[in-house]
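Below, each chain spelled out in residue letters.
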Amino acid sequence: MKFKAKIQQGLWSLECFGLSPGKLALRFLNGTSPRILCTSIPKAGTNLAIRVLCLHQRLYRRFKRTMDDRNVISDDHLKSILASTKQGQVLSSHLRFSETRARLIAEMGIKHIFIIRDPRDVVISTPHYILREKNNHLFPLFSKCKNIREAIKFAIVGNEEYGLQSVGDRFLASSGWGQKSETMTLRFEDLVGIEGGGEEQSRHRAIETCFEYLDLEPLNAERKERIFSRETRTFRVGQIRQWETIFD
C-alpha cells in the first residue's frame, strides 16, 4: 500500500507540474490560459486549492517553491517572478498582504485566489505538519514540546525567539487579500466535500465559481472525483472541524 501511494504521488506530481503526456503540450500551446497566484496562510489549504486548479487540463504548477516573505526579498523581486510566469502556470504563495503587492498582481493581469480556513483548524494542523518536517525552521521549537497540546499552544500564541507570530497576527497580516475585488476568496471548508466532512453542493458551487473567475471551462465529473486525495506529501487527515475533538 505504501508503494502504491508513492506511485500515485509521483503520477500526480507529473500531472500537477505539466509533465504528464496529456499536459506537455501546454508548455507550447497555452497562450490564452490565465496566469494564477494562489495565496494562503500556511496550513489553510493551499495544496488543496492547487490540486483543484492543476486538475484542469489547461493549468499546471510552475517549478517554483511556495513564495513567502523569506524568499521573496522585495517588491521588484515579486514583479520579476510574476512577469516570467507563463500562461497556464500556477504559483503558490504565503505572502502577507501589502497594497504594493496587490497593485502589482492586478496590474500584471494575474488571477489571484486567496484561500481561507477556520483558524482553529489551522493551529491544529500546524504542529502536526512541522513535526514531520525536520528541515522546517520551526522544527526545533515544536520538537521541544512535551506533547501535542503544548505544540498547539505555540501555534496559537506564537514565539518571538523563533519568529513565529500568533495565529491572530498571522491572519491579520493576510486578511487584506480578502478585501480586494480583484482577488477571489475560496474557503477550505467548501473545497473538501463530503470526504472532508463538508458538503458536496458547497464544493460544486465553489469550483464552478472559481473557474468562472478564471474564464475557463469547468472540471469534468472524472476530475472532480479526484479532488480529495492523499496523493500530496503534506496531507494528514483533510477533515474540517478537527479542533472540536482536540480543544477543551
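Residues numbered from 1 in each chain as written. Predicted model: local features only at pLDDT ≥ 70, side-chain atom pairs only at ≥ 80, totals over all residues. Heavy atoms only, no water.

1. Re the overall build of the protein
Working step 1: From N to C terminus, the protein includes twelve helices and five strands.
Working step 2: In terms of overall size, the protein behaves like a compact globule, its C-alpha atoms giving a radius of gyration of 18 Å where 248 residues would be expected to give roughly 18 Å.
Working step 3: Along the three orthogonal principal directions, the C-alpha set of the protein runs to about 55 × 45 × 30 Å.
Working step 4: A separation of at least 24 residues holds for 74% of the contacts in the protein among residues at least 6 apart in sequence. (Helix = DSSP H or I, 4+ residues; strand = E, 2+ residues; numbered from the N terminus. Rg over C-alpha atoms; globule rule 2.2 N^0.38 Å. Contact = heavy atoms within 4.5 Å.)

2. Some details on the sheet that holds strand E4 (residues 111–116)
Working step 1: Strand order in the open sheet made by the five strands is E2-E3-E1-E4-E5, with parallel pairing throughout. Bordering the open sheet on either side are strand E2 (60–61) and strand E5 (183–187), each of which pairs with just one other strand.
Working step 2: Pairing of strand E1 (residues 36–40) with strand E3 (residues 89–93) involves four bridges; the strand directions are parallel. Within E3, the position partnered with isoleucine 36 by the bridge is valine 90. (Pairing = 2+ DSSP bridges.)

3. Observations regarding unusual backbone geometry
Working step 1: Non-glycine residue lysine 43 carries a positive phi angle of around 70°.
Working step 2: You can see lysine 43 is positioned in the loop between E1 and helix H2 (46–54).
Working step 3: Under the relative-accessibility criterion, lysine 43 is labelled buried at 17%.
Working step 4: The backbone phi angle of aspartate 215 is positive, close to 60°, even though this residue is not glycine.
Working step 5: With relative accessibility at 62%, the residue aspartate 215 sits in the exposed group. (Buried < 20%, exposed > 50% of the residue type's maximum accessible area, 1.4 Å probe, protein only.)

4. Here we look at helix H4 (residues 99–107)
Working step 1: All of the buried residues along H4 are Arg101, Ala102, Leu104 and Ile105. For H4, the arc enclosing every buried residue in end-on projection is 160°, short of the 170-degree limit, so these residues lie on one face.
Working step 2: Residues of H4 that are buried make contact with E1, helix H3 (75–83) and E4.
Working step 3: Phi turns positive one or two residues past the end of H4, at glycine 109, with a value near 70°. (Arc of directions from axis to C-beta.)

5. Some details on the packing of helix H1 (residues 2–16) against H2
Working step 1: The contact between H1 and H2 brings their axes to 10 Å, and the two run at 65°. With respect to each other, H1 and H2 are oriented roughly perpendicular. Seen along the crossing, H1 lies across H2 with a hand that is left-handed. Of the residues in H2, those in contact with Trp12, Glu15 and Cys16 of H1 are Ile50, Arg51 and Cys54.
Working step 2: Of the residues that constitute the contact of H1 with H2, the class distribution is four nonpolar, no polar and two charged. (Axes fitted to C-alpha atoms, helices over the stretch in contact; angles between N-to-C directions. Parallel < 35°, antiparallel > 145°, perpendicular 65-115°, else oblique. Left-handed = near helix turned anticlockwise from the far one by under 90°. Nonpolar A, V, L, I, M, F, W, Y, C, P; charged D, E, K, R; others polar.)

6. A look at the nonpolar core
Inside soluble globular proteins, nonpolar side chains tend to come together where they are buried.
Working step 1: In this structure, Leu53, Leu59, Ile113, Leu186, Leu191, Phe211 and Leu214 are the most contacted members of the largest nonpolar core, which totals 31 residues.
Working step 2: Secondary-structure elements contributing two or more residues to this core are H1, E1, H2, E4, E5, helix H9 (188–191) and helix H10 (200–213).
Working step 3: In terms of residues, this core owes the most to one element, H2, which gives six residues.
Working step 4: In this structure leucine 59 touches Lys23, Leu26, Pro34, Ile36, Leu53, Cys54, Gly88, Val90, Phe211, Leu214 and Leu216, once residues within four positions along its chain are discounted. (Core = buried A, V, L, I, M, F, W, Y, C linked by side-chain atoms within 4.5 Å.)

7. Details of the packing of aromatic side chains
Working step 1: Evaluated as defined, the whole model comprises four aromatic pairs.
Working step 2: Ring geometry for phenylalanine 97 against tryptophan 177: centres 5.1 Å apart, planes inclined by 85°, an arrangement best described as edge-to-face. On the criterion of sequence distance, the pair formed by phenylalanine 97 in the loop between E3 and H4 and tryptophan 177 in the loop between helix H8 (167–174) and E5 is long-range, its members being 80 residues apart.
Working step 3: Over the ring of tyrosine 129 we find lysine 43; its NZ or CZ atom is 4.4 Å from the centre of that ring. (Phe/Tyr/Trp six-rings, centres within 6.5 Å; stacked < 30°, edge-to-face > 60°. Lys NZ or Arg CZ within 6 Å of the ring centre and 35° of its normal.)

8. A look at the pairing of E3
Working step 1: For E3, the tally of buried residues reaches five of five residues, placing the bulk of the element in the interior.
Working step 2: Alternating residues of E3 divide into Gln89, Leu91 and Ser93 and Val90 and Ser92, and every residue in both groups is buried.
Working step 3: Relative to E3, E2 runs parallel, the two sharing two bridges. Bridge pairing in E3 places tyrosine 60 opposite glutamine 89.

9. A closer look at the side chain of threonine 39
Working step 1: Within the secondary structure, threonine 39 sits in strand E1.
Working step 2: A relative accessible area of 1% means that threonine 39 is categorised as buried.
Working step 3: At 2.8 Å, the side chain of threonine 39 and the side chain of histidine 112 are in polar contact.
Working step 4: Beyond its immediate stretch of four places on either side in the chain, threonine 39 contacts Ser93, Leu95, His112, Ile113, Phe114, Ile115 and Trp177. (Polar contact = N/O pair within 3.5 Å; in protein donor to acceptor, adjacent residues only side chain to side chain.)

No statement about biological role is implied by the geometric values presented.
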